[in-house]
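# Results of the structural survey
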Amino acid sequence: MSEKKKERVLITGAAGFLGSHLCDKFIGEGFEVIGMDNLITGDMENIQHLFKNEDFEFYHHDVSKFVHVPGKLDYILHFASPASPIDYLQMPIQTLKVGSLGTHNLLGLAKAKKARMLIASTSEVYGDPLVNPQPEEYWGNVNPIGPRGVYDEAKRFQEAITMAYHTYHGLETRIVRIFNTYGPRMRINDGRALPAFFSQAILNKDITVFGDGSQTRSFCYVSDLIEGIFKLLFSDYSQPVNIGNPDEISILQAAKEVLEIVHNSTSQISFHGLPKDDPKVRRPDITKAKNVLDWTPLVDRKIGFSKTYTYFKEKLEK
Ligand code: UDP
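Predicted, not measured: the structure shown is a model, and the values here were computed from it.

Right, let's talk about the pairing of strand S1 (residues 8–12) for a bit. Within S1, 5 of the 5 residues are buried, which leaves the element mostly enclosed by the surrounding structure. Residues Arg8, Leu10 and Thr12 line one face of S1 and the alternating positions Val9 and Ile11 line the opposite face, and both faces are buried. In this sheet, strand S2 (residues 32–37) lies alongside S1 in parallel orientation, the contact comprising 5 bridges. Residue Arg8 lies in a different strand from S2, and its bridge partner there is Glu32.

Further remarks concern the site of the ligand. Around the ligand, the surrounding shell holds 18 residues, and the nearest of these are Thr208, Phe210, Arg217, Asp278 and Arg282. Between the ligand and the protein, one listed contact pairs a nitrogen atom with a backbone N or O atom of Thr208 at 2.5 Å. Compared with its free state, where it exposes 510 Å², the ligand has 95% of that area covered by protein. Listed by contribution, the elements that provide at least two residues to the shell around the ligand are helix H6 (193–202) and strand S8 (207–210).

Another aspect to go through is the packing of helix H1 (residues 17–28) against helix H7 (residues 222–233). Relative orientation of the contacting elements H1 and H7 amounts to 65°, with a least axis distance of 10 Å. Of the two possible hands of crossing, H1 and H7 adopt the one that is right-handed. Contact residues: H1 offers Phe17, Leu18, His21, Leu22, Lys25 and Phe26, while H7 offers Val222, Leu225, Ile226, Glu227, Ile229, Phe230 and Leu233. When grouped by side-chain class, the residues that make up the contact of H1 with H7 number 10 nonpolar, 1 polar and 2 charged.

Let us look at the state of the cysteines. Applying the stated criterion across every chain, the model contains 0 disulfides. There is no disulfide at Cys23, and the cysteine sulfur nearest it, in Cys220, is 19 Å away. Judged by its relative accessible area of 0%, Cys220 falls in the buried class.

Below, the discussion takes up the sheet that holds S1. Strand order across the open sheet formed by 7 strands is S3-S2-S1-S4-S5-S6-S11, with parallel pairing between neighbours. On the outer flanks of this sheet lie strand S3 (56–60) and strand S11 (241–243), each paired with one strand and no other. Along the sheet, successive strands turn relative to each other by an average axial angle of 20°, direction set aside. Where strand S6 (residues 173–178) and S11 come together, 3 bridges link them in parallel fashion. If you follow Ile178 over to S11, its bridge partner there is Ile243. Sheet strands in contact with helix H5 (residues 149–169) are strand S4 (75–78), strand S5 (116–122) and S6, and its direction is about 155° off that of S5.

For helix H8 (residues 251–261), the set of buried residues is Ile251, Ala254, Ala255, Glu257, Val258, Leu259 and Ile261. Residues of H8 that are buried make contact with H6, S8, strand S9 (216–218), strand S12 (248–250), strand S13 (269–272) and helix H10 (301–317).

Here we take up the pattern of salt bridges. Tallying each qualifying case throughout the model produces 26 salt bridges. Residue Glu45 is joined to Lys318 by a salt bridge in which the shortest nitrogen-to-oxygen separation is 2.9 Å. On the criterion of sequence distance, the pair formed by Glu45 in the loop between S2 and S3 and Lys318 in the segment after H10 is long-range, its members being 273 residues apart. In this structure Lys318 comes out as exposed when scored by relative accessible area, which is 74%. Taking the shortest distance from any N to any O, the salt bridge between Glu172 and Arg116 comes out at 3.6 Å. With Glu172 in the loop between H5 and S6 and Arg116 in strand S5, this pair connects stretches of sequence that are 56 residues apart. We classify Glu172 as partly exposed; its relative accessible area is 36%.

About the thresholds
Residues numbered from 1 in each chain as written. Predicted model: local features only at pLDDT ≥ 70, side-chain atom pairs only at ≥ 80, totals over all residues. Heavy atoms only, no water. Buried < 20%, exposed > 50% of the residue type's maximum accessible area, 1.4 Å probe, protein only. Helix = DSSP H or I, 4+ residues; strand = E, 2+ residues; numbered from the N terminus. Pairing = 2+ DSSP bridges. Near = heavy atom within 4 Å. Polar contact = N/O pair within 3.5 Å; in protein donor to acceptor, adjacent residues only side chain to side chain. Areas by Shrake-Rupley, 256 points an atom, 1.4 Å probe, with all protein chains shown as cover. Axes fitted to C-alpha atoms, helices over the stretch in contact; angles between N-to-C directions. Left-handed = near helix turned anticlockwise from the far one by under 90°. Contact = heavy atoms within 4.5 Å. Nonpolar A, V, L, I, M, F, W, Y, C, P; charged D, E, K, R; others polar. Disulfide = S-S within 2.5 Å. Salt bridge = Lys/Arg side-chain N within 4 Å of Asp/Glu carboxyl O.

Right, here's the structure in full:
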């Protein structure tokens, strides 16, 4: 009796925060996984444990250049991109290229292999939103030439070209709009609020709150996000879907909660200038994810924060 051939998935950005968790998920679900990354922000340590698995392969490659993968492919998940405000300020051209040229290359690959393509879009397509919470129907408020424009517009282009391949070529496509996500394997120095706050609290340094901290975000624990993406990929829904946790808090409140978790910290909160075009509010409307995917986030922030604390503490003690 021959064993049923495993389905094969390509995950770009595999050595990054979300990419590496996706690799774990697909390996765990019995897929063959090809991870791809050019390692400009990814870290091999995130996927080192997967190399012992014969169903995992890694290609060190920049998807902005032609992508060649021998053999069949059933699914492509495009998660490669610099993803934090300081990353895309430092790498504006790479950010634009991976969202545009990279997506085009992967759509071409998906078409050639008859694979289903899922792209990682973002709440940044809503820019500094004038509507809160943000439903998928909201078109956004984006400054194309501001510091975040390179990311926001690359992701908006990515959605546009993906829908074009869907309607013109009949390609099977899925679009997830990811809201702020946190958990183990975030890069400590990626400049984002939670890695900054946790590492500052652990090292007893000032907690750097930008502006007066009244701007809001809604933080989703990584395992919830991965579950939502998995469900979306295997749904038959090709319109964009928000995945995130609607539990909205101010950044000042987030800083205080980090200090409660890192209970022996002597850090104080200090206030700094607000970066240009920093969104004042952000909260996903997840009605669609609930109705279409039967998905809802399950991990409470207290639990998610304490798991994240354990990870950063071990990382900083190494
Ligand atoms: N932020 C902050 N201190 C930091 C880093 C970020 O107060 O050290 C603020 C930032 O200005 C924004 C929010 O925290 O209002 C979330 O920032 P992050 O970089 O995590 O991601 P964003 O949601 O802005 O893409």
